[in-house]
Amino acid sequence: MRIFSGIQPTGDKHFGNYSGGFRQYAATQAEGEAFFCIVDLHSVTVDYHPPALRESSLNLAAMLFATGLEADRSTIFVQSHNVAHAEAAWLLSAVASFGELRRMTGFKERAEQQTFVTAGLFTYPVLMAGDILLYQTDLVPIGDDQRQHLELARDMAVRFNQRFGETFKLPRGQYPAEGARIMDLTNPEKKMGTTTSSDMGKILLVDRPDAIRRKVMSAVTDAGRDVRRAEDKPGVTNLIDIMSVASGRSPESIEAEYDGQGYGRFKAAVAEAVIECLNPIRERYLRLRSDPVELEKLLSQGAEKARQVSAPTLQAMYDAMGFVRRSGG
Ligand code: TYM
């Protein structure tokens, strides 16, 4: 089975990324041939700081290994190291419609935050579809916020296959049972996001224990004492999810232990569970990050493998679409 997922290098990685991304990557790498891509081409679609891009790509590589990916099992690489991604995106734009791209909620939300809305932000899901389809992917581990993008990638694959002949496998998304959408601690009606959440709204994977305690203890809950998941209790529901992801315990067992005990004791327990989960990750991350030469070596090996594996599909796309192009030029 082929597994593929991507994650943006820019911005500090947070507990939502851990829940929908990193921990699923580490779990799925055992199930087949896995590719995890640092999607630097995606990161330039919003305002960013060019000198920081290289650093953040290496930071993310270190975090991918720190959360459990193994270089001899999985292929970890940087998107721009394989030009096939940019080419596939252009070719696939022939089967993406303006109307469906305009409906993407990710686009609408991010466009609202920008004073300058780039064309790249609009066509972003086409690049993402290419990422996935180039590897004949079966399974895409992601969080719930990427669901609409994955559905669009599937639609585009079907459309391409119908229009130009059978070329792509149909990928399916894998969402975590618990924590598919971790919410902002200060506003549990919106998701925890890199740019959309304030410092207090998101737990960073590199946060120290005192910062984690401060953030969790001041998380928004409500007036009651009930520790149970309910639609009218988004704050408490979110904290139960966070504790479940951090500790591996079921939400039911967490409810059974803390219901009726008030929020102070519950929040303290959530904070300790998160600290226990993230402490070893932060330590491994700092160790790995101190050896950029080794990280760059691993990434260049990953890129080599990614180029090899995606080349036949890119060629098949060119062939199916009627281009004269042959691999290599
Ligand atoms: P990105 O970089 O925003 O996020 C990386 C992963 O983290 C998940 N995630 C969350 N999960 C649960 N709760 C949250 N609050 C939360 N916030 C983020 C995301 O769902 C994602 O799995 N477009 C993608 C990157 C991408 C990609 C791909 C993914 C590019 N090409 C191909 C899969 C396949 C993105 O911006 O993810």
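Residue numbers run consecutively from 1 along every chain, following the written order of its sequence. Given that the model is predicted, a residue must reach a pLDDT of at least 70 before its local features are reported, and side-chain atom pairs must reach 80 or more before they are shown or counted; all residues, however, enter totals for whole chains, interfaces and linings. Side-chain metrics in this entry use all non-hydrogen atoms of the structure; hydrogen atoms and water are not considered.

**Looking at helix H11 (residues 251-258)**
Burial classes: relative accessible area under 20% of the type maximum marks a residue as buried, over 50% as exposed, and values in between as partly exposed (1.4 Å probe, protein chains only). Counting from the N terminus, the helices are the DSSP runs of H or I reaching at least four residues and the strands are the DSSP runs of E reaching at least two. Every buried residue of H11 is listed here: Pro251, Ile254, Glu255 and Tyr258. Around the axis of H11, the buried residues are gathered within 100° of arc, so they sit on the same side. Contact criterion: two residues are considered in contact whenever any of their non-hydrogen atoms come within 4.5 Å of each other. Residues of H11 that are buried in the fold lie against helix H10 (234-247) and helix H12 (263-289). Positive phi appears at Gly260, one or two residues downstream of H11, with a value of about 80°. As used here, the arc belongs to the directions running from the helix axis to the C-beta atoms.

**Some words on the packing of helix H4 (residues 84-92) against helix H7 (residues 119-133)**
With axes taken as lines fitted to C-alpha atoms, and helix axes fitted only over the stretch in contact, angles between N-to-C directions fall between 0 and 180 degrees. Interhelical geometry of H4 versus H7 gives an angle of 115° and a closest axis separation of 8 Å. Judged by the twist between their axes, the crossing of H4 over H7 is right-handed. Contact residues: H4 offers His85, Ala88, Ala89 and Leu92, while H7 offers Val126, Leu127, Ala129, Gly130, Asp131 and Leu133. For a crossing to be left-handed, the near helix must be turned anticlockwise from the far one by less than a right angle; the clockwise case is right-handed.

**Some thoughts on the site of the ligand**
A cutoff of 4 Å decides nearness: a residue is near a molecule or strand if any of its heavy atoms lies inside that distance of it. Around the ligand sit 26 residues, and of these Tyr124, Asp131, Gly143, Asp145 and Ile182 come closest. Throughout this description, a polar contact denotes any pair of N or O atoms lying within 3.5 Å of each other; where both atoms belong to protein, one of them has to be capable of donating a hydrogen while the other can accept it, and for residues adjacent in sequence the pair is counted only when both atoms sit in side chains. The contact in question runs from a nitrogen atom of the ligand to an N or O atom on the side chain of Tyr124, over 2.6 Å. Within the backbone of Gly143, an N or O atom sits 2.8 Å from an oxygen atom of the ligand. When the ligand sits alone it has 710 Å² of accessible area, and the protein chains cover 96% of it. Broken down by secondary-structure element, the contributors of at least two residues to the shell around the ligand are strand S1 (2-7), helix H1 (15-28) and H7. Computed with the Shrake-Rupley method and a 1.4 Å probe, the accessible areas treat only the protein chains shown as cover for residues.

**Digging into the UniProt feature "binding site: L-tryptophan" (unreviewed entry) in the protein chain**
Under the local residue numbering, the UniProt record ascribes the feature "binding site: L-tryptophan" (unreviewed entry) to Asp131. Examined against the element boundaries, Asp131 turns out to sit in helix H7. The exposure class assigned to Asp131 is buried, which follows from its relative accessible area of 3%. Within polar-contact distance, the side chain of Asp131 engages the side chain of His85 at 2.8 Å. UniProt positions are given in the numbering used here, feature names are shortened, and annotations may be inferred rather than shown by experiment.

**Considering the UniProt feature "binding site: ATP" (unreviewed entry) in the protein chain**
Per the UniProt annotation, the sites labelled "binding site: ATP" (unreviewed entry) are Gln8, Pro9, Thr10, Gly16, Asn17, Gly143, Asp144, Asp145 and Ile182. Relative to the helices and strands, Asp145 resides in the loop between strand S4 (139-141) and helix H8 (147-164). What makes Asp145 partly exposed here is its relative accessible area of 33%. Apart from residues lying up to four places away in sequence, Asp145 is in contact with Arg181 and Lys191. Counting through the fold element by element, Ile182 comes out in the loop between strand S5 (172-174) and helix H9 (209-217). In contact with Ile182, not counting residues within four places along its chain, are Phe15, Gly16, Ser19, Lys191, Met192, Asn238, Asp241 and Ile242.

**What to know about the pairing of S1**
Among the 6 residues in S1, 5 count as buried, and that is most of the element. Where S1 meets strand S2 (residues 33-38), 6 bridges bridge the pair, whose relative direction is parallel. Of the residues in S2, the one forming a bridge with Ile3 is Ala34. Handedness is read with the strands pointing away from the viewer; a crossover is right-handed when the path from the first strand over the helix to the second is clockwise. Taken together, S1, H1 and S2 form a β-α-β motif whose crossover is right-handed. For two strands to be treated as a pair, DSSP must find at least two bridges joining them.

**Quick look at the side chain of Lys13**
Here Lys13 lies in the loop between S1 and H1. For the buried residue Lys13, which engages in no salt bridge, the nearest side chain bearing the opposite charge is Asp12, 7.9 Å off. Here the side chain of Lys13 touches Gln8 through a polar contact of 2.6 Å, landing on its backbone oxygen. Apart from the residues lying within four places of it in its own chain, the contact partners of Lys13 are Ile7, Gln8, Phe22, Leu60, Ile203, Leu204 and Leu205. For the purpose of counting charges, residues Lys and Arg are taken to be positive, whereas Asp and Glu are taken to be negative. His and the chain ends are not included. The salt bridge definition used is simple: a Lys or Arg side-chain nitrogen within 4 Å of an Asp or Glu carboxyl oxygen.

**With respect to the nonpolar core**
Here, nonpolar core refers to any group of buried Ala, Val, Leu, Ile, Met, Phe, Trp, Tyr and Cys residues whose side-chain atoms link them within 4.5 Å. Judged by nonpolar contacts, the single largest core of 54 residues is most densely connected at Phe15, Phe22, Leu64, Phe266, Val274 and Leu278. Looking at which element gives the most residues to this core, the answer is H12, with 12 residues. Residue contributions to this core reach at least three from each of two domains, namely domain 1 (2-176 + 292-320) and domain 2 (199-287). Apart from residues lying up to four places away in sequence, Phe15 is in contact with Ile182, Met192, Ile203, Leu205, Ile242, Val245, Ala246, Val274 and Leu278. Judged by nonpolar contacts, the second largest core, of 43 residues, contains Phe35, Phe107, Val140 and Ala157. An automatic or database domain assignment supplies the start and end points of every domain.

**Remarks on the packing of aromatic side chains**
Think of it this way: a Phe, Tyr or Trp ring, Trp meaning its six-membered ring, pairs with another when their centres are within 6.5 Å, and the plane angle makes it stacked under 30 degrees, edge-to-face over 60, tilted otherwise. A complete count under the given rule lists 12 aromatic pairs for this structure. On the numbers, 4.9 Å between centres and 35° between planes, the contact of Tyr25 with Phe36 is tilted. Of this pair, Tyr25 sits in helix H1 while Phe36 sits in strand S2; the two residues are 11 residues apart in sequence, bridging distant segments of the chain. For Tyr25, a relative accessible area of 4% translates into the label buried. With 5.7 Å between their ring centres and 50° between their planes, Tyr258 and Phe266 make a pair best called tilted. Judged on exposure class, the residue Tyr258 and its partner Phe266 are both buried. Each residue in the set Phe4, Phe35, Phe77 and Tyr135 is aromatic and connected to the rest through ring pairs, giving one cluster.

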